[in-house]
Amino acid sequence: MVISLKCFAQLGVYLPENAEAYALHPGDTVAAVVERLGLPQAEVKLVFVNGLKAGFDTVLKDGDRLGLFPAVGGG
Amino acid sequence: MLKILRINTRTREYTFEDLGAYAGLGGRALTSRIVSQEVPAGIHPLSAANKLVLAGGILACTNAANSGRTSVGAKSPLTGGIKESNSGGQFAHKLPKLGLLAIVLEDKPEDGADFTTLLIKKDKVEFLDAKNLVGKLNYAAHDVLKAAYGDKVVTALVGPAGEQCLMTANIQFSDPDGRPSRSAGRGGLGAVMGSKKVKAIVLDPEAKDSVEPADGEKFKTARKRWLDILMGHPVTSQGLPTYGTAILINIINEAGALPTKNFRSGRFDGASKISGETMTETIKARKGAYKHGCHTGCVIQCSQVYNDKNGEYLTTGFEYETIWGFGANLLVDDLDDIAVMDRTCDEIGMDTIEMANTMAMAMEAGLVKWGDGKGVIELLKKVGTKDPLGRILGNGTDFTAKAFGVDRVPVVKNQALPAYDPRAVKGIGVTYCTTTQGADHTAGYAVCQNILKVGGDVNTLGKAGQVEISKNLQVATAAVDSLGLCLFVAFAVLDTADAVSVIADMVSGLTGKPYTADDVVALGVNCLKDELAFNKAAGFTAEHDQLPAFFRNEPLPPHNTVWDFTAEEMQAAKIA
Ligand code: SF4
């Protein structure tokens, strides 16, 4: 089971080498992945799973696309 | 007390007027009040009856953080409705030093009259021959004015597009570094200035008037808290300064809402190549500046200085909207090409959002291939020349679509859509449809609650709550624009409980009169009422509050949603 993982802006430094096919443990939540990356949860403001806003408790599936963002704005 | 300077561009008479009935207003509330009271709604926007109003906000005369934005108002040649176009630059910061709240350009010279440069001094206006500037691109024109009046000269310029009165023409304002880089972009207001045969407005750099707050202690306390609010929020203290507004490319792409190939998809394969992250890396490598303010007093500093491959200055104020429009929407993934397009628009004096969509029409028509950045640059350079193709393109998205028989035309009230697909960010779609301005994201930036989780959190693909969100944001934005604050303060304001009362305290400290959070809201509400009344008189009805049909008929990948609001459903987003 793998997901495609992206960490944006300041979170880019936490991106692992195999981000395009990041191995998942069965039952992994977003929070579990964030913890394994060594990324403090407080730094993550926005979680997208397959392009939809999601929470830290969302359970990930094979082939999911996970995007993690800090607080951002613009316009 | 600050005054309003009225200049008759035909007779060359001018008066410095007390504020009178306009007292208490500023920025957008002032421009929209003057236009709605003094300009008959049915007139031709390029006729003598139109007026061009350039105003600072209520707080422009103070040293409150981010309070120096400039509002420009008139009847828009592009939309046919009322327009307030908001810009950075030094203009609004300088106006109070001349004792001015606003400048109003009235009437127009006879056919065949020459262009003038208006030199505004304390208590005096000089009409100068603009022969030395006519036909010049904006940077070259500004250089001539710097040579004459010093590096610190503050200018408002129209480029060749404005001289030709084209509907994409903007007004460029000079920034703190002495570059004419900031645009009052939307709605073709450069054409109104051009129609009055004014090539440049020059504010005397020697002017040094100052306005003391009536209740200095109150103002100082509120001002300090205001600074803390802006510096305490992660978006206004970290995200925007580091990555600029282009930080949005990745997130809007991730959300499936980045309009790609003229609004055919919500994801662009080349997004990472044109992202804010890539831009910041590029800027650092080329020794530009990734933190930069568009006017004195900006503490957020979302702007930047972008150098070319050789480390030479190329552009500044390189915004998300521009990068999206000339990038994803045209399938161009070369950031340097997009930077040249941005600079080209600033030089010729054209709105980047309108021109980017116009280039999409050119691609639909086969004038240039999708993804051909160099081809786009060549086309842009035709605007402002004698080439009739330049005249067509310079008149914008809808005009170009008509000229070439294109039927996929993303406009509302004739103004081209910005960088969020309304099928995947429903709240911003409500704003595009219902704002008085034509398709405009800044008028009620519901991307906050739909995508960014600022000021709330709603389902971006659903309809629930969107009309209410858009309405509230439209009121808040009108107030922010009237105070002269940069709209980006909203990211912090929406998340901070006491922010609006702190703003009210700054106004109260300035004037010495009571001013509450309710007064801030009323400022926004009354401004919108003026604008809606003007548009109604100009012939706009609920029917005009709708997106083109293809948004309804074509599902947008990856979420495959369609636009499903009726115009009737959205009427509640407008102030009754
Ligand atoms: S935050 Fe950006 S747009 Fe706003 S005042 Fe500062 S530089 Fe200008």
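Residues numbered from 1 in each chain as written. Chains lettered and ligands numbered in written order. Predicted model: local features only at pLDDT ≥ 70, side-chain atom pairs only at ≥ 80, totals over all residues. Heavy atoms only, no water.

This part takes up the environment of B:Thr435. Residue and element names in this part refer to chain B. Summarising the element assignment, Thr 435 is placed in the loop between helix H16 (426–434) and helix H17 (447–452). Separated by 293 residues in sequence, Thr 435 and His 142 place their C-alpha atoms 34 Å apart. Setting aside its immediate chain neighbours within four residues, Thr 435 contacts Lys 413, Asp 440, Ala 443 and Gln 474. (Helix = DSSP H or I, 4+ residues; strand = E, 2+ residues; numbered from the N terminus. Contact = heavy atoms within 4.5 Å.)

With that settled, consider the interface of chain B and chain A. Facing the 34 residues of chain B at the interface are 20 residues of chain A. In total, chain B and chain A occlude about 2100 Å² of area from one another, counting both sides; carbon and sulfur atoms represent 60% of this. If you sort the residues of chain B by the area they bury against chain A, B:Ile251, B:Glu254 and B:Lys453 come out on top, with a joint share of 28%. Here B:Asp457 makes a salt bridge to A:Lys53, at a shortest N to O gap of 2.6 Å. The interface formed by chain B and chain A holds 10 residue pairs in polar contact (both at pLDDT 80 or more) in total. Counting only elements with at least two residues in the side of chain B that touches chain A, the list comes to helix H7 (234–243), helix H8 (248–254) and H17 of chain B. The residue makeup of the side of chain B that touches chain A, split by class, is 17 nonpolar, nine polar and eight charged. (Buried area = accessible area lost by both parts, 1.4 Å probe. Salt bridge = Lys/Arg side-chain N within 4 Å of Asp/Glu carboxyl O. Polar contact = N/O pair within 3.5 Å; in protein donor to acceptor, adjacent residues only side chain to side chain. Nonpolar A, V, L, I, M, F, W, Y, C, P; charged D, E, K, R; others polar.)

So, on to the packing of aromatic side chains. Residue and element names in this part refer to chain B. Tallying each qualifying case throughout the model produces 14 aromatic pairs over all chains. Plain terms: the ring middles of Tyr 445 and Phe 491 are 6.1 Å apart, the flat faces sit at 90° to each other, and that makes the pair edge-to-face. Taken together, the residues Tyr 445 in the loop between H16 and H17 and Phe 491 in helix H19 (residues 490–494) connect sequence positions 46 residues apart. Residue classification places Tyr 445 among the buried residues on the basis of a relative accessible area of 7%. Cluster of aromatic residues (ring-pair linked, three or more members): Tyr 320, Tyr 420, Tyr 445, Phe 488 and Phe 491. Across from the ring centre of Tyr 290, 5.1 Å away, lies the NZ or CZ of Lys 284, which sits over that ring. Sitting over the face of the ring of Phe 565, Lys 463 holds its NZ or CZ atom 5.1 Å from the ring centroid. (Phe/Tyr/Trp six-rings, centres within 6.5 Å; stacked < 30°, edge-to-face > 60°. Buried < 20%, exposed > 50% of the residue type's maximum accessible area, 1.4 Å probe, protein only. Lys NZ or Arg CZ within 6 Å of the ring centre and 35° of its normal.)

Take the domain arrangement of chain B next. Residues and elements named next belong to chain B. What the domain assignment lists for chain B is domain 1 (3–203), domain 2 (213–243 + 422–576) and domain 3 (247–420). Between the C-alpha centres of domain 1 and domain 3 there is a distance of 25 Å. Each side of the interface is counted separately: domain 1 has 37 residues, and domain 3 has 40 residues. Contact between domain 1 and domain 3 buries roughly 3000 Å² in total, counting both sides, with carbon and sulfur atoms accounting for 48%. Note that Arg 186 is salt-bridged to Glu 354, the shortest N-O span being 3.5 Å. Where domain 1 touches domain 3, the interface holds 25 residue pairs in polar contact (both at pLDDT 80 or more). Only helix H3 (138–149), helix H4 (160–163) and strand S11 (182–184) provide two or more residues apiece to the side of domain 1 that touches domain 3. (Domains from an automatic or database assignment.)

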